[in-house]
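Spelled out, the chains give:
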Amino acid sequence: MSEHYYTQTPGGAHDRRLHESELRGRRYRFVTDSGVFSKSGVDFGSRLLIETMDFPAEARVLDVGCGYGPIGLSAAVLASEGTVTMIDINERAIELATENARLNGIANVRILQSDLYEAVRAELYQVILTNPPIRAGKETVHRIYEEGAALLESGGAMWVVIQKKQGAPSTLAKLEQLFDTVQEMTKDKGYRIFKAVKA
């Protein structure tokens, strides 16, 4: 099996690049590298989630599979009076997300290397965000939903972006099993944004 971004220690040669992106009206600079998801710039699905997600300024947010950080750092700007915890199994992604938080002057974040929720199991959140690692397989993706539901406070929401051809129907069915209400918040170019709320 070829190596992909869902691995703890990417072995590929470095290919560091600096990208600029405008997300929700703010300019960001992101350093990317080989061995991380969407190294050529912010992917369409992440961008759609960033433009759609909505939560209070004081929210406690968890970004699952943060990569080099665009979703979590955008969330930290939205949650200006709250905190965002960003987790990823990929050590290179964690290093980049930490660098990108500094590069963009964003301080209300905590960035942790974690195999799924291993590093945050004792915590509760009001919001969980994920662009799940499809290449890791359906079992891993569904574990993100299942184990994430247990880490949400009552009234908390999980926001998911997923492509129709990469499992949106099975994601919707799984979220409807786990959560009290699930809404499709928007769709574009085959991508769906789901908001699943815990009673």
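Our structure's up above, just so we're on the same page.
First things first, this report covers the structure right here in the doc.

Thresholds applied
- Residues numbered from 1 in each chain as written.
- Predicted model: local features only at pLDDT ≥ 70, side-chain atom pairs only at ≥ 80, totals over all residues.
- Heavy atoms only, no water.
- Helix = DSSP H or I, 4+ residues; strand = E, 2+ residues; numbered from the N terminus.
- Rg over C-alpha atoms; globule rule 2.2 N^0.38 Å.
- Buried < 20%, exposed > 50% of the residue type's maximum accessible area, 1.4 Å probe, protein only.
- Contact = heavy atoms within 4.5 Å.
- Areas by Shrake-Rupley, 256 points an atom, 1.4 Å probe, with all protein chains shown as cover.
- Lys, Arg positive; Asp, Glu negative; His and termini not counted.
- Charge placed at Lys NZ, Arg CZ, Asp CG, Glu CD.
- Salt bridge = Lys/Arg side-chain N within 4 Å of Asp/Glu carboxyl O.
- Core = buried A, V, L, I, M, F, W, Y, C linked by side-chain atoms within 4.5 Å.
- Pairing = 2+ DSSP bridges.
- Axes fitted to C-alpha atoms, helices over the stretch in contact; angles between N-to-C directions.
- Parallel < 35°, antiparallel > 145°, perpendicular 65-115°, else oblique.
- Left-handed = near helix turned anticlockwise from the far one by under 90°.
- Nonpolar A, V, L, I, M, F, W, Y, C, P; charged D, E, K, R; others polar.

1. Looking at the overall build of the chain
And step 1. What the chain contains, in helices and strands, is 5 helices and 9 strands.
And step 2. Taken against the 2.2 N^0.38 rule, which gives 16 Å for 199 residues, the C-alpha radius of gyration of the chain at 15 Å falls within 12% of a compact globule.
And step 3. For the chain, the C-alpha atoms occupy an extent of roughly 45 × 40 × 35 Å along the three principal directions.
And step 4. A burial count over the chain gives 52% of its 199 residues as buried.
And step 5. Of the contacts made within the chain by residues no fewer than 6 positions apart, 65% connect residues no fewer than 24 positions apart.
And step 6. As displayed, the chain offers around 9100 Å² of accessible surface, 47% of which is attributable to carbon and sulfur atoms.
And step 7. Side-chain charges in the chain split into 24 positive and 26 negative, and the spacing between the mean points of these groups amounts to 5 Å.

2. Observations regarding the pattern of salt bridges
Note that side chains of opposite charge can pair when their charged atoms are close.
And step 1. Throughout the structure, instances matching the rule amount to 10 salt bridges.
And step 2. Linking E123 and R110 is a salt bridge whose minimum nitrogen-to-oxygen distance equals 2.6 Å. Of this pair, E123 sits in the loop between β5 (109-113) and β6 (125-130) while R110 is found in strand β5, placing the two residues 13 residues apart along the sequence.
And step 3. Since its relative accessible area comes to 34%, R110 is described here as partly exposed.
And step 4. Note that E147 and R121 form a salt bridge whose closest N and O atoms lie 2.9 Å from each other.

3. Focus: the nonpolar core
And step 1. Residues F55, V61, V109 and L129 are the most contacted members of the largest nonpolar core, which totals 38 residues.
And step 2. If one sorts the elements of this core by residue count, helix α3 (residues 91-103) sits on top with 5 residues.
And step 3. Counting residues in each nonpolar core, the second largest holds 22 residues, with V64, L116, L152 and A168 among its members.

4. Here's the deal with the sheet that holds strand β9 (residues 191-197)
And step 1. Reading across from one edge, β5-β4-β3-β6-β7-β9-β8 is the order of the 7 strands in this open sheet, with mixed pairing throughout. Edge positions in the sheet fall to β5 and β8 (181-188), since each has one partner strand and no second. In this sheet, neighbouring strand axes are inclined to one another by 15° on average, regardless of whether the strands run parallel or antiparallel.
And step 2. Both β6 and strand β7 (residues 152-163) contribute to a ladder of 5 bridges, which runs parallel. Residue pairing for β7: I128 is matched across the bridge by M158.
And step 3. Contacts from helix α2 (residues 70-78) reach β3 (60-64), β4 (83-88), β5 and β6, with the element oriented near 175° to β4.

5. Focus on α2
And step 1. The buried fraction of α2 is high, at 7 of 9 residues.
And step 2. Buried within α2 we find P70, I71, G72, L73, S74, A75 and A76.

6. Some remarks on the environment of F37
And step 1. Note on placement: F37 falls in the loop between β2 (26-32) and α1 (44-52).
And step 2. On the basis of relative accessibility, which here comes to 33%, the residue F37 falls in the partly exposed class.
And step 3. Residues F37 and C66 lie 29 residues apart in sequence; the distance between their C-alpha atoms is 9.3 Å.

7. Overview of the packing of α1 against α2
And step 1. Closest axis-to-axis distance for the α1/α2 pair is 10 Å, and the angle between their directions is 15°. In this view, α1 runs roughly parallel relative to α2, as classed from their interaxial angle. As α1 packs across α2, the resulting crossing turns out to be right-handed. The segment α1 lies against α2, with S46, L49 and I50 engaging P70, I71 and S74.
And step 2. Its residues assigned to classes, the contact of α1 with α2 shows 4 nonpolar, 2 polar and no charged.

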